[in-house]
Amino acid sequence: MFKKILIANRGEIAVRIIRACREMGIVTVAVYSEIDKNALHTQLADESICIGSNKASDSYLNMKNILSATINSGADAIHPGFGFLSENPKFVRMCEECNIVFIGPSSDVIENMGDKSKAREMMINAGVPVVPGSDKILEDFEEVKKMADEIGFPVIIKASNGGGGKGMRIAYTSIELENAYNTARMEAKASFGDDLMYMEKYLVNPKHIEFQILADNFGNIVHLGERDCSMQRNNQKVMEEAPSSIIGQDLRELMGNTAVKGAKFVNYTSAGTMEFLLDNNNNYYFMEMNTRIQVEHPITELITGIDLIKEQIKIAANINLNYKQDNIKIHGHAIECRINAESPKKNFMPSPGEISYINLPGGYGVRNDISIYTGYKIPPNYDSMLGKIIVHANTRDEAINIMKRSLGEYIIKGVETNIDFQYDLISSNEYISGEFTTGYVSEFIKDYI
Ligand code: ADP
C-alpha cells in the first residue's frame, strides 16, 4: 500500500480523499494556490504545499509544479479527484515517466475516452448501442449539413473534447443549424482549446442514466448499479439519485452488463462511469465514459456500502477486487443535492464571498461532503460548488423526506446559495413522481424566476 498520497485538487473532493487516506493510514499531501492557503483541504492534510498563484493554470493545472511537489514530498501516488488534471493524458504520461502512480486508468484509456467521437467508435466496435450520429469529426459546415439531413432533426452538435455541459448546441431545424454549429465551436475553442465537433441525434426528454464501474488490474470488473442524473440545468447535473425509480432489476442487469462489456473492451481499470441516455421505450444509448471519480459518487457508496475512493486507491496499489458481481447488493435509496454559492433568482450567477455562519444539517441518514466553515472566504477563481448533501433511507419517499428536512435545517449566511431552490425542486410533484427527464429542471425554472 502507498505510504503517502498527494491530492492534486481542492474543495470538497480533496477533503473527501484526505479522509479516505487517513482511515487507510496513508499520509496526505495537499497542494494549494495562494488564495487557498486557509482552505479546509490545506488545513486537514498532513502536509501542504503551495503550487502557485490563484489562476488554475498557474496552480491546480500546473503539471510541473504538481509533479515537483510530489517528488519533493516523497509521495508515491497522486489522486487527481475530478476536473483539473483528472482526465489529462499528458499529465498521466508525465506521472508514468516520473514513476509516480496516477490513481486512475492508464493514459491511453483516458486519451481514447476523452475524445468523445473516438469513444463512440470504440463502443460501436464493442457492440454497445450509441446515439445515432456522426462516426467522425465533422470538418466544416457542409459536412454538418449533410450529417443533419442524414440523421434527421433535432440534432445536437458536440465538442469532441468537451465536458461540463459546455460546447454543445441543439438545432431543431435546418435554419438553426449554422448558428448552433458556430456557437458550439466558439464555446469549445474558448473552453477546451480546440473546436473538433461531432453530431448526434438529439433525443427529446430522455433520462440520463449512468453506471458506476470498478475494474482492477487483473481483469475483474463489476458495476455498482445506476445513478439517475436527469435533474440538470444547462446540461449540468443539479441533483442525483440511486437507484433510478424507473429502472427495474431486468433493465438494470441489461444496462449494467452492457456498461461492463464496453468498459472491458477498452481495458478499463479503476473507477469509471458509463453514461447513457434512456428513452421512454427503454432504448438506451451510450453517450460518454468518464474516466475519474464523479461528483455524485457518494449516492452509489450509500446504496452499495462500497467506498469508491478507497477502492480506487487499492486498485492503483495492485490489490484485486475482493467481490464479484453477485456480491453487489443495492440497499435502499440515496439522493444528493449539490450546494452551490449562486443566486438562482439572478440566473444562477455565482456568489463568492465570506461565509459568516454555517449550520450543517445532521441526524439519521445524512452525509455532508463539504469544504466550507464559518469565516471561510469563497474565492471567485474556481467553480461555485461548495459541496453536497447526501441522504440515504430504506425507500425513496423516506429519502425525499430526509432531504427536505435537511435542506430546511441548512443555513449558510454571508453568500447566496441554491439551498432553497433545491428544496423547492425536490418538493415538486414531477420530481416526487420520479418520471422527470433531462428537460424538467429548465421547465421548472421558467415558473421559478
Ligand atoms: P458533458 O461531458 O459536457 O457532461 P455529455 O455528453 O455527458 O456532456 O452530455 C451532458 C448532457 O447533455 C446529458 O446528460 C444530456 O442531458 C444532454 N445530452 C447530450 N447528448 C444528448 C443527445 N444526443 N440527446 C439528448 N440530450 C443529450
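Up top is the structure these notes are about.
Reference entry: report on the structure contained in this document. (Residues numbered from 1 in each chain as written. Predicted model: local features only at pLDDT ≥ 70, side-chain atom pairs only at ≥ 80, totals over all residues. Heavy atoms only, no water.)

Time to look at the site of the ligand. Residues in close proximity to the ligand total 21 residues, the closest being Lys158, Gly165, His208, Gln232 and Glu288. In this structure, an oxygen atom belonging to the ligand sits 3.1 Å away from a main-chain N or O atom of Gly164. One of the side-chain N or O atoms of Glu200 is found 2.9 Å from a nitrogen atom in the ligand. Taking 560 Å² as the accessible area of the ligand by itself, protein coverage stands at 95%. A breakdown of the residues in the shell around the ligand according to their chemical character gives 7 nonpolar, 7 polar and 7 charged. (Near = heavy atom within 4 Å. Polar contact = N/O pair within 3.5 Å; in protein donor to acceptor, adjacent residues only side chain to side chain. Areas by Shrake-Rupley, 256 points an atom, 1.4 Å probe, with all protein chains shown as cover. Nonpolar A, V, L, I, M, F, W, Y, C, P; charged D, E, K, R; others polar.)

A separate point is helix α6 (residues 116-126). All buried positions along α6 are accounted for by Lys116, Ser117, Ala119, Arg120, Met122, Met123 and Ala126. Against the buried residues of α6 lie α5 (107-114), β6 (155-159), β8 (197-201), α9 (249-265), β12 (270-278) and β13 (284-290). (Buried < 20%, exposed > 50% of the residue type's maximum accessible area, 1.4 Å probe, protein only. Helix = DSSP H or I, 4+ residues; strand = E, 2+ residues; numbered from the N terminus. Contact = heavy atoms within 4.5 Å.)

Now for unusual backbone geometry. The peptide bond linking Phe153 to Pro154 adopts the cis configuration, its omega dihedral lying at -5°. Take Pro154: it is sitting in the loop between α7 (141-151) and β6. Note the cis peptide between Ala242 and Pro243, where omega equals -5°. Relative to the helices and strands, Pro243 is located in the loop between β11 (236-242) and α9. Here Asn318, not a glycine, exhibits a phi torsion of approximately 65°, which is positive. Along the chain, the position of Asn318 falls in the loop between α11 (308-316) and β14 (333-340).

So, on to the packing of aromatic side chains. Applying the stated criterion across every chain yields a total of 15 aromatic pairs. Note on Tyr172 and Tyr202: the rings are 6.1 Å apart at their centroids and 80° apart in plane angle, and the pair reads as edge-to-face. One end of the pair, Tyr172, is in the loop between β7 (168-171) and α8 (174-192); the other, Tyr202, is in the loop between β8 and β9 (207-215), and 30 residues separate them in sequence. The exposure class of Tyr172 is partly exposed, given its relative accessible area of 44%. Both rings, one in Phe421 and one in Phe444, keep their centres 5.8 Å apart while their planes meet at 70°; by these two values the pair is edge-to-face. Of this pair, Phe421 sits in helix α13 (residues 419-426) while Phe444 sits in helix α15 (residues 440-448); the two residues are 23 residues apart in sequence, bridging distant segments of the chain. The class for Phe421 is buried, based on a relative accessible area of 2%. Look at Phe444 and you get buried, because its relative accessible area is 13%. Between the NZ or CZ atom of Lys207 and the centre of the ring of Phe436, over which it lies, the distance is 3.6 Å. A cation over a ring is seen here: Arg233 above Phe348, with NZ or CZ 3.9 Å from the ring centre. (Phe/Tyr/Trp six-rings, centres within 6.5 Å; stacked < 30°, edge-to-face > 60°. Lys NZ or Arg CZ within 6 Å of the ring centre and 35° of its normal.)

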